[in-house]
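Working through the structure, step by step
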Amino acid sequence: MGNSGGSLTTRSTGELRQLMRAAGFTGIDDTQALAEGWHVTDFADAGRRSLANLVQRTGAPAVIVSFLDSDVGFVEAVTPDGKSWEGLLNRETAKSYEIPLEHFPIEAAVAGALAWSAAAGLTPDEEAIRQTLRGSALFAEELSSALMAALGLPGGA
């Protein structure tokens, strides 16, 4: 069992890879541009405060999904005003890894996701967020893509 990295989605007008390095992300891949100034960048590792540091530097909401062997995804999102939420993707697989599901309540994650999307100026799909957080897939990356679309991110799917 090992970590297989993660994916960051944010809006940025600066050199995102440089900003990510300064915020504590490592193993940063190329950035893929989505619509409306949003970008997706894969990374190998992030420090405990890397996401908050990046949001502070960019002044834009951001969400990361850190993957555990492509089996489980840990979601963390932060807004510039410091509001954050966490979620878990692939709950059944997470349970088999003995990850405490009670640390990731679905309804709290849905409420946080809706608030994050609103702060980001997006139009989320509440039921799709809930279904994604409850869903299962062979690879957690599939659920991550579904979550980005449910959050209302342009090009998320």
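Throughout what follows, the structure given in this document is the object of discussion.

Cut-offs used in this document
- The residue numbering used here restarts from 1 in each chain and proceeds along that chain's sequence as written.
- The predicted origin of the model limits local features to residues at a pLDDT of at least 70 and limits the giving and counting of side-chain atom pairs to 80 or more, whereas totals for whole chains, interfaces and linings rest on all residues.
- Think of the side-chain values as coming from all heavy atoms in the structure, minus any hydrogens and water.
- Inter-axis angles, ranging from 0 to 180 degrees, are taken between N-to-C directions of lines fitted to C-alpha atoms, where helices are fitted over the stretch in contact.
- Helix and strand assignments come from DSSP, with helices taken as H or I runs of at least 4 residues and strands as E runs of at least 2, each series counted from the N terminus.
- Angle categories: roughly parallel below 35 degrees, roughly antiparallel above 145, roughly perpendicular from 65 to 115, and oblique for all the rest.
- Crossing handedness: left-handed means the near helix sits turned counterclockwise from the far one by under a right angle, and right-handed means the same turn made clockwise.
- In what follows, residue pairs with any heavy atoms lying within 4.5 Å of each other are defined as contacts.
- Three classes are used, and their members are as follows: Ala, Val, Leu, Ile, Met, Phe, Trp, Tyr, Cys and Pro are nonpolar, Asp, Glu, Lys and Arg are charged, and the others, Gly among them, are polar.
- Relative accessibility decides the category of a residue: with a 1.4 Å probe and only protein chains considered, values under 20% of the type maximum give buried, values over 50% give exposed, and everything between is partly exposed.
- Pairing between two strands requires that DSSP report at least two bridges joining them.

1. Overview of the packing of helix H4 (residues 106-119) against helix H5 (residues 126-134)
Where H4 contacts H5, the two axes come as close as 10 Å, and the packing angle between them is 140°. The orientation of H4 with respect to H5, classified from their angle, is oblique. When the axes of H4 and H5 are compared, the crossing they make is right-handed. Across the interface between the two elements, Ile106, Glu107, Ala109, Val110, Ala113 and Leu114 from H4 touch Glu126, Ile129, Arg130, Leu133 and Arg134 from H5. Class assignment of the residues belonging to the contact of H4 with H5 gives a composition of 7 nonpolar, no polar and 4 charged.

2. Some points on the pairing of strand S6 (residues 62-68)
Counting buried positions over the 7 residues of S6 gives 6, a clear majority of the element. Here S6 pairs with strand S7 (residues 72-78) via 7 bridges, running antiparallel. When the sheet's bridge partners are listed, Val65 is paired in S7 with Val75. Hairpin connection from S6 to S7: 3 residues lie between these consecutive antiparallel strands, with Asp69 at a positive phi of about 55°.

3. Observations regarding the environment of Thr93
As for its position among the elements, Thr93 is in helix H3 (residues 91-96). What makes Thr93 partly exposed here is its relative accessible area of 23%. As for Thr93 and Val72, which are separated by 21 residues in sequence, their C-alpha atoms are 6.6 Å apart. Among all residues touching Thr93, those that are not within four sequence positions of it are Asp71 and Val72.

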